[in-house]
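# Structural characterization, general
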Amino acid sequence: MTAAHTSGPTRAAGPLADEDETRVATARITATRLGTALVRDPLDRTVHEEMRHFLDHDSEPALMSWETLKSRTPEHLKSRIAALLTAQAQRSAS
């Protein structure tokens, strides 16, 4: 069994999400997908290769983005949440 690779922003991290938000959301999804694939088939060589690629190329930028998000003020975070929820509501209504 291999883990399917997804690319591009997720629905939750659409065009209104900034680069750090998108990078963290995508990394969380990828890490969860790979972890699940490892549990399902721990000896799948393809999953191991995908995990190595993720760790070598994507994890450090995601960790840096996570630190950036954690350093944001509560006011900034509340503002971002409000903007994203408003955009989501507007998309749902259209």
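Just so you know, these numbers come straight off a predicted model, no measurement behind them.

Definitions and limits used
Residues numbered from 1 in each chain as written. Predicted model: local features only at pLDDT ≥ 70, side-chain atom pairs only at ≥ 80, totals over all residues. Heavy atoms only, no water. Helix = DSSP H or I, 4+ residues; strand = E, 2+ residues; numbered from the N terminus. Expected span 1.5 Å × (residues − 1). Contact = heavy atoms within 4.5 Å. Polar contact = N/O pair within 3.5 Å; in protein donor to acceptor, adjacent residues only side chain to side chain. pLDDT = per-residue confidence, 0-100. Buried < 20%, exposed > 50% of the residue type's maximum accessible area, 1.4 Å probe, protein only. Patch = residues over 30% accessible without salt bridge, like charges linked within 9 Å, V, L, I, M, F, W, Y side chains within 5 Å. Areas by Shrake-Rupley, 256 points an atom, 1.4 Å probe, with all protein chains shown as cover. Salt bridge = Lys/Arg side-chain N within 4 Å of Asp/Glu carboxyl O. Core = buried A, V, L, I, M, F, W, Y, C linked by side-chain atoms within 4.5 Å.

Moving on, we come to helix 1 (residues 19-40). The terminal C-alpha atoms of helix 1 lie 31 Å apart, and with 22 residues this matches the ideal 32 Å at 1.5 Å per residue to within 8%. The inward-facing, buried residues of helix 1 abut helix 2 (45-70) and helix 3 (74-93). The N-terminus of helix 1 is capped by Asp18, whose side-chain oxygen sits 3.1 Å from the backbone nitrogen of Asp20.

This part is about the confidence of the model for the chain. Per-residue confidence for the chain gives a mean pLDDT of 88; residues scoring 70 or more make up 84%. Averaged pLDDT values over the elements of the chain bottom out at 92 in helix 3 and peak at 98 in helix 2. Across residues 6-14, where pLDDT falls below 50, the model places 7 contacts with residues more than four positions away in sequence or in other chains.

Attention shifts here to the environment of Ser65. Here Ser65 shows up in helix 2. Judged by relative accessible area, which is 1%, Ser65 ranks as buried. Those residues in contact with Ser65 that sit more than four places away from it in its chain are Asp20, Arg23 and Val24. Within the structure, the side chain of Ser65 is placed 2.6 Å from the side chain of Asp20, a separation counted as a polar contact.

Residue position: Ser59 is located in helix 2. Since its relative accessible area comes to 14%, Ser59 is described here as buried. A distance of 2.9 Å separates a polar atom in the side chain of Ser59 from the backbone oxygen of Leu55.

A cluster of nonpolar side chains, Leu77, Ile81 and Leu85, forms an exposed patch at the surface whose accessible area comes to about 270 Å². Relative to the helices and strands, Leu85 resides in helix 3.

Before going further, it helps to spend a moment on the nonpolar core. One finds Ala27, Leu34, Ala37, Val47, Met51, Phe54 and Ala62 forming the largest nonpolar core, which totals 7 residues. The dominant element in this core, judged by the number of residues it contributes, is helix 2, at 4 residues. Residues contacting Ala27, with those up to four places away along its chain left out, are Phe54 and Ala62.

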